[in-house]
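Secondary and tertiary structure notes
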Amino acid sequence: MAWVVVTAPPAAAQIELDLRDADLRSFVEIVSEATNRSFVLDPNVRGTVTVLAPDTLTPAELYDVFLNVLELNRLTIVQGSSVDRIVPMNVARELASGPARTAPKGFETRVIEVNNVPLTEIIEVIRPLLPAEAVLSPVPGSNLLILSDRGQNHARIEALIRRLDTPRERPIEMVRLRNADAAEVLQVIQSMQIVPEDAAVSVDRRSNALVVSGPDSLVQQIRLLAGRLDTQNANVASRAIELNYADATRLADVVTRAITNEQAAPTEQAVRIIAETQTNTLLITAPPDQMGDIIEMVHFLDRRPTQVLVEAVIFEMSVAGFADLSAQFGAIVNDAIIGGVEFTLEGRPSLTGLVSSVLNNTNNAVPSPGNGGFFGVGARNSGGEGIVGLLSAIASTNSTRLLSTPSIMTLNNQEAEIVVAQNVPFVTGSFAQVGETAQPDNPFQTIERQDVGLTLKVTPQINADRTVKMNIEQEVSNLTNNTSSAGGEITARRALSTTVLVRDGNVIMLGGLLENGSGSVSQEVPGLSKLPLVGGLFRGKNANKNQRVLLVMLRPQVVKDDHEARRITTSLAREAKKASLALQAPDDGQYPKTPQGTLPFDGVDLNQPFDAGFVDDYAQNRNYPPLPSRLRFSGGSD
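Keep in mind that this is a model prediction, so the values were computed, not measured.

Overview of a nonpolar patch on the surface
A cluster of nonpolar side chains, contributed by Leu528, Leu531, Leu533, Val534 and Leu537, occupies part of the molecular surface with about 490 Å² of accessible area. Counting through the fold element by element, Leu528 comes out in the loop between strand E25 (508-524) and strand E26 (539-559). Owing to a relative accessible area of 36%, Leu528 belongs among the partly exposed residues under this scheme.

Quick look at helix H9 (residues 288-301)
In this model H9 runs 21 Å from its N-terminal to its C-terminal C-alpha over 14 residues, within 8% of the 20 Å that 1.5 Å per residue would give. Of the positions making up H9, those classed as buried are Gln290, Met291, Ile294, Ile295 and Val298. Along the axis of H9, the buried residues cluster in a sector spanning 140°; they form a single face. Turned more than 90 degrees away from the buried face of H9, the exposed residues are Glu296 and Phe300.

Structural notes on the nonpolar core
Counting residues in hydrophobic clusters, the biggest one holds 24 residues, and the most contacted among them are Leu17, Phe27, Phe39, Leu62, Phe66 and Ile86. Listing elements by their share of this core, those giving two or more residues are strand E2 (18-23), helix H1 (24-35), strand E3 (39-41), strand E4 (48-52), helix H2 (59-72) and strand E5 (75-78). With residues near it in sequence (within four places) discarded, Phe27 still touches Leu17, Leu19, Val49, Val51, Leu62, Phe66 and Val69. By size, the runner-up hydrophobic cluster in this structure holds 21 residues, among which are Val476, Val502, Leu510 and Val552.

Overview of the sheet that holds strand E13 (residues 237-242)
Strand order in this open sheet of three strands is E13-E15-E14, and the pairing throughout is antiparallel. Both edges of this open sheet fall to E13 and strand E14 (272-276), since each of them pairs with a single strand only. Within this sheet the neighbouring strands show an average axis-to-axis angle of 15°, counted without direction.

Overview of the packing of H1 against H2
Their axes nearest at 9 Å, the elements H1 and H2 cross at an angle of 155°. Taken together, H1 and H2 sit at an angle that is classed as roughly antiparallel. For the crossing formed where H1 meets H2, the hand is left-handed. Within the contact between the two elements, H1 uses Leu24, Phe27, Val28, Ile30, Val31, Ala34 and Thr35 and H2 uses Pro59, Leu62, Tyr63, Phe66 and Val69. Across the contact of H1 with H2, the residue classes tally to eleven nonpolar, one polar and no charged.

Reading the values: rules and limits
Residues numbered from 1 in each chain as written. Predicted model: local features only at pLDDT ≥ 70, side-chain atom pairs only at ≥ 80, totals over all residues. Heavy atoms only, no water. Patch = residues over 30% accessible without salt bridge, like charges linked within 9 Å, V, L, I, M, F, W, Y side chains within 5 Å. Areas by Shrake-Rupley, 256 points an atom, 1.4 Å probe, with all protein chains shown as cover. Salt bridge = Lys/Arg side-chain N within 4 Å of Asp/Glu carboxyl O. Helix = DSSP H or I, 4+ residues; strand = E, 2+ residues; numbered from the N terminus. Buried < 20%, exposed > 50% of the residue type's maximum accessible area, 1.4 Å probe, protein only. Expected span 1.5 Å × (residues − 1). Arc of directions from axis to C-beta. Core = buried A, V, L, I, M, F, W, Y, C linked by side-chain atoms within 4.5 Å. Contact = heavy atoms within 4.5 Å. Pairing = 2+ DSSP bridges. Axes fitted to C-alpha atoms, helices over the stretch in contact; angles between N-to-C directions. Parallel < 35°, antiparallel > 145°, perpendicular 65-115°, else oblique. Left-handed = near helix turned anticlockwise from the far one by under 90°. Nonpolar A, V, L, I, M, F, W, Y, C, P; charged D, E, K, R; others polar.

Scope: geometric values only; no functional claims are made or implied.
Spelled out as structure tokens, the structure:
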């Protein structure tokens, strides 16, 4: 193999080219002469070239054409200090370029030390850049490379190795696992022997994660493998959550139904939620990927419930008026009334009954003519004949006024009931056996007790805009002091059942009842009652008029925190204190002493014992052993 050196003569200013199938080596001579460059040709530089240039070219333009011709022929230039080499492209990577070096030109062997990069990576990069006659041998135990090559090529290879052998800071990656155990995944990775010597993989048991230090390819490989192994939901987690406000049994049922509806298909590890009622705790067993959602759901539902103070005003007033005027008279013959005028009206005795009670009076008792005003006359001769008369008149008014202000505190969506009533027995049946005598044997009655008074049931629901929806059942009943014909007391009952929506603190009227009734009873003697002046003696009449008013009003107040509860309690305590003082009987200081029965709370300090202020004065005055003093609590305690 022989190398050809082409030496350039002085360059011409302009060059004309018209080459057709010219020898490539001849074209190199033309370029060398035009550009004043010297070239060394590789023996493998052969071929023909065709260059057509209609215009003249400058040396620089000719050199650009020359480079394109070399590239088309798979040739390239290796630049030197004074002479450039034209070689095939597959040989150029083996040659050193640049100015001449002081290194010897002959073949030699050198030892190169590698400190930071694995020898395998250096060999993979350097091997393609060495000529076929070069020898590269690694020494793994001491991180050394033995290179046998031309002296000039040694400098190029050593410079490249120094560039590659720079220390690199490999980041530490953490691969977190949700289902699989990190220690078990590490055993799988180690058994596959995919971790190189300069990399490391360890386990962080606190966070159930793999800690990887190595090249990016290793990190990606471990992430992919761990992700596939982490999809196996073979383990479960258990937690115990102590509840503050919610009921454990009800909350366990709600959360279980919610989780069951969310699962499209039953999984191998089902969610189990058990309520422990003694400590109000939820025991949860679920896969780790669902445990966080379940705990978040439990904490959201276990919130402090809002309370509602429901104040009611029930006002009822009734007025019943009655008026009566009647005249009765008759003639008596042989202790019998043989003629006259008699009326039977409500609340009045008849003339016959009154005369009979007088004639048959053996105990000298005075018969009662009834309520109201009356005037009676009577005259008889020795033969028992005579006349009697009775004139009666009455006007009565019966009024009743009832004002009830019950109030009750209840939780949101919880029914509350308040009853202020008397438990009255009502006879519902009787039974007796008749024996040989007229007296019954073993008589007995069945009695049912019922509440007669005020009953209020309310179930509030607080909305987000502080409006309150209330389901209300309210009843007011009382005894009428009248009996039915079948026996038993007659009661009056007024009730309502409704659902209303009212804003916090506003008053709503549930029902208003106004009754206005009247009636009259007239009795008269036809014809005679129309006579002037004396016609009134032949008439009797009574009239009644009844009026009743019933009003029911409610006001809900939402109580969200302790501050609102203390404010409302203090206000109600002060009002109750004023009411108890107004109802208290005055003490005039005389015997017997009027007991004090006012409310013990003063509206300021509510955190005092319920028996505060009820110490017997007699015990204190007689110097008995002192009783414990009142307990005092700080104002901020609840």
